[in-house]
Amino acid sequence: MLKPSLKEARIRTKNDVVTKTSEYIVTEQLKTIGIGKKYYVKTYGCQMNEHDTENIKAILEDMSFTGTDNMEDADLILLNTCAIRENAHNKVFGMIGRVKTLKETKPNIIFGICGCMAQEEVVVDEILKKYKHVDIIFGTHNIYRLPMLIEERMLNDNLPEVEVYSIEGDVIENIPVKRDSKYKAWVNIMYGCDKFCTYCIVPYTRGKQRSREAKYILKEVNDLVKDGYKEVTLLGQNVNAYGKDLNNGYGMANLLEDVAKTGIERVRFVTSHPWDFTDEMIDVIKKYSNIMPYIHLPLQSGSSRILKLMGRRYTKESYLELVDKLKKALPNCSLTTDIIVGFPGETEEDFKETLDVVNKCKYDSAFTFIFSKRVGTPACRMQDDVSLETKNERLQQLNKLINKYSKEANDKYLGRVVPVLIEGNSEKNKDIMMGYTDTMKLVNVKCPKEDIGKIINVKITSVKTWSMDGEKC
Ligand code: SAH
Ligand code: SF4
Ligand code: F3S
């Protein structure tokens, strides 16, 4: 049993990151272990977790398991968890309870927990103590070990199989992937995070910042182009810090340019930390029409005092300067953000600063959150003197303002013709298709099914706060 250690997860050394190209192995015997068995994976959290699930699915299919969307039918259930806020955590514990009931009637189900919560010492301790029906726990660093973990669990069915590394992490290059979409793909460009914002659990659950070598990223994108993919989203917690840890003078601006040169029709990237956004990056975005005019630039707070307490290393003024620069250089660009309200010590004055930044930036949309204490982070030990009532009020007030600007931003699209990558049926109406504009606006489109997977011109006929309707031109 290898349990996570928060203390070890905090350590950062100067050791070089090692790229491993043959770490993932499935033995001949394991290749057939899943014949006739079904798997179900539920994903919580960010795009990185979604992409990890695409790796997990491919690994399970290498072992001959087949997927099901119905948990009740599954022989293997995995929860790929997120630790970012208390509510993500609670949802997972709710699901662990549901699987318990299911296992009472189907005791042979193998039930596993992975992802960011599996990297948390307190969570694993709680599971081991109270939830005896959990069979496998593995973390974000050893997804490639899944075949061995399943085998070991099958051979030894009395004990839970727990293997979580609390290491800085390597880069594993040979993990297979089963992509959810045939048209758009996630591509990791870096793992981990070294920013240690004081509220955030990610540096502990994902390890040290490790950039993938560009040759592997470019090969992946070139292969996607050959396979007919239209869009790639380059993924990382701080994509603009890409390459800093490789010390070879090749950074995000270079990578973006080389990815654009592959000819893929759409390039996106998330998430940009305001700290590392360089002028070179802006120049490259401007130069290549296949780099999408869409930037997600988390603000977190508009108060320089709170930003300092958060360890964000920029000020209200420097953030606004950057936004100004971006808007001047990329006038058609849409801008979205993340904001936390109710950080410990946030006063009404501080909150007003946040509203002020929102009024100045007029975001296209925003993810807004109430501060959530994460065990082991510095903010967890700060005195949290803002009442829940105040936090809720601030969130509501903020959302109202954000929605106002979302609607205003969308209103500008009315009557315009915009390119939309058609992804499939809209959820509500099977005869209507849905897709996203270059600026990441969700559009419900009247067009034939044959347009799925194509980028088509769409005339916007009506706009709402979170979506638009349009017709193929
Ligand atoms: N790497 C990205 C953020 C990843 S987490 C960045 O630095 O911008 C996604 C968002 O979750 C964060 O931007 C933040 O707004 C929110 N978040 C992270 N930790 C949180 C916490 N403890 N409480 C509330 N929101 C949090
Ligand atoms: Fe978390 Fe900050 Fe890293 Fe983003 S940059 S993942 S908020 S520590
Ligand atoms: Fe959640 Fe881990 Fe992503 S904590 S937001 S799944 S990096």
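Every value quoted in this text rests on a predicted model; they were computed, and no experiment measured them.

A. Summary view of the overall build of the protein. A tally of regular secondary structure across the protein gives 13 helices and 21 strands. Over its C-alpha atoms the protein spans a radius of gyration of 23 Å, differing by no more than 12% from the 23 Å that the globule rule assigns to 473 residues. Based on the C-alpha atoms only, the size of the protein along its principal axes is roughly 60 × 55 × 45 Å. Burial statistics for the protein: of 473 residues in total, 56% are counted as buried. Here the contacts in the protein between residues at least 6 apart in sequence split such that 77% fall between residues at least 24 apart. With the model as given, the accessible surface of the protein reaches about 21,200 Å², and the carbon-plus-sulfur share is 50%.

B. Spotlight on the site of ligand 1. Around ligand 1, 15 residues are found, and the nearest of them are Gln237, Pro298, Gln300, Asp338 and Ser372. Note that a nitrogen atom of ligand 1 is positioned 2.8 Å from one of the side-chain N or O atoms of Gln237. Against a free-state accessible area of 540 Å², the protein chains account for coverage of 90% of ligand 1. Taken together, the residues of the shell around ligand 1 break down into seven nonpolar, four polar and four charged.

C. Structural context of the pairing of strand E20 (residues 455-463). Sheet analysis places strand E17 (residues 417-425) next to E20, joined by five bridges and oriented antiparallel. Residue Leu421 lies in a different strand from E20, and its bridge partner there is Ile455. Summarising the sheet, E20 and strand E21 (residues 468-472) pair through five bridges and their orientation is antiparallel. Following the sheet pairing, Ser462 is matched in E21 by Asp469.

D. Spatial organisation of the nonpolar core. One finds Leu234, Met252, Leu256, Phe269 and Ile295 to be the most contacted residues of the largest nonpolar core, which totals 70 residues. Broken down by element, this core gets its largest block of residues, six residues, from helix H8 (residues 252-261).

E. Summary view of helix H9 (residues 279-287). For H9, every residue scored as buried is listed here: Met281, Ile282, Val284 and Ile285. Down the axis of H9, the sector holding all buried residues measures 165°, keeping them to one side. Looking at H9, the residues exposed on the side facing more than 90 degrees away from the buried face are Glu280, Asp283, Lys286 and Lys287. In this structure, the buried residues of H9 make contact with H8, strand E13 (266-270), strand E14 (294-296) and helix H11 (316-329).

F. Quick peek at empty space enclosed by the protein. Overall, the coordinates contain one cavity of 30 Å³ or more when judged by the stated rule. Quantified by volume, the largest cavity comes out at close to 40 Å³. Every residue lining the largest cavity is listed: Ile295, Leu326, Lys327, Leu330, Cys333, Ser334 and Leu335.

G. Broad picture of the pattern of salt bridges. Counted according to the given criterion, the structure contains 40 salt bridges. A salt bridge links Glu173 to Arg212, with the nearest nitrogen and oxygen atoms 2.9 Å apart. One end of the pair, Glu173, is in the loop between strand E8 (171-172) and strand E9 (184-188); the other, Arg212, is in the loop between strand E11 (210-211) and helix H7 (214-226), and 39 residues separate them in sequence. With respect to burial, Glu173 and Arg212 carry one shared label: buried. Members of the salt-bridge network, linked through shared partners, are Glu173, Arg179, Arg212 and Glu220.

H. Layout of the pairing of E21. As paired elements, strand E19 (residues 442-446) and E21 share four bridges and run parallel to each other. Residue pairing in the sheet places Asn444 in a bridge with Asp469 of E21. What sits between E20 and E21 in their antiparallel hairpin is a turn of four residues.

Rules used throughout
Residues numbered from 1 in each chain as written. Chains lettered and ligands numbered in written order. Predicted model: local features only at pLDDT ≥ 70, side-chain atom pairs only at ≥ 80, totals over all residues. Heavy atoms only, no water. Helix = DSSP H or I, 4+ residues; strand = E, 2+ residues; numbered from the N terminus. Rg over C-alpha atoms; globule rule 2.2 N^0.38 Å. Buried < 20%, exposed > 50% of the residue type's maximum accessible area, 1.4 Å probe, protein only. Contact = heavy atoms within 4.5 Å. Areas by Shrake-Rupley, 256 points an atom, 1.4 Å probe, with all protein chains shown as cover. Near = heavy atom within 4 Å. Polar contact = N/O pair within 3.5 Å; in protein donor to acceptor, adjacent residues only side chain to side chain. Nonpolar A, V, L, I, M, F, W, Y, C, P; charged D, E, K, R; others polar. Pairing = 2+ DSSP bridges. Core = buried A, V, L, I, M, F, W, Y, C linked by side-chain atoms within 4.5 Å. Arc of directions from axis to C-beta. 1 Å grid on protein atoms, 1.4 Å probe; cavity = no way out; pocket = protein on both sides within 12 Å on 5 of 7 lines; lining within 4 Å. Points joined across faces, edges and corners; volume = space filled by probe spheres on them. Salt bridge = Lys/Arg side-chain N within 4 Å of Asp/Glu carboxyl O.

Purely geometric stuff here, so don't read any function into it on its own.
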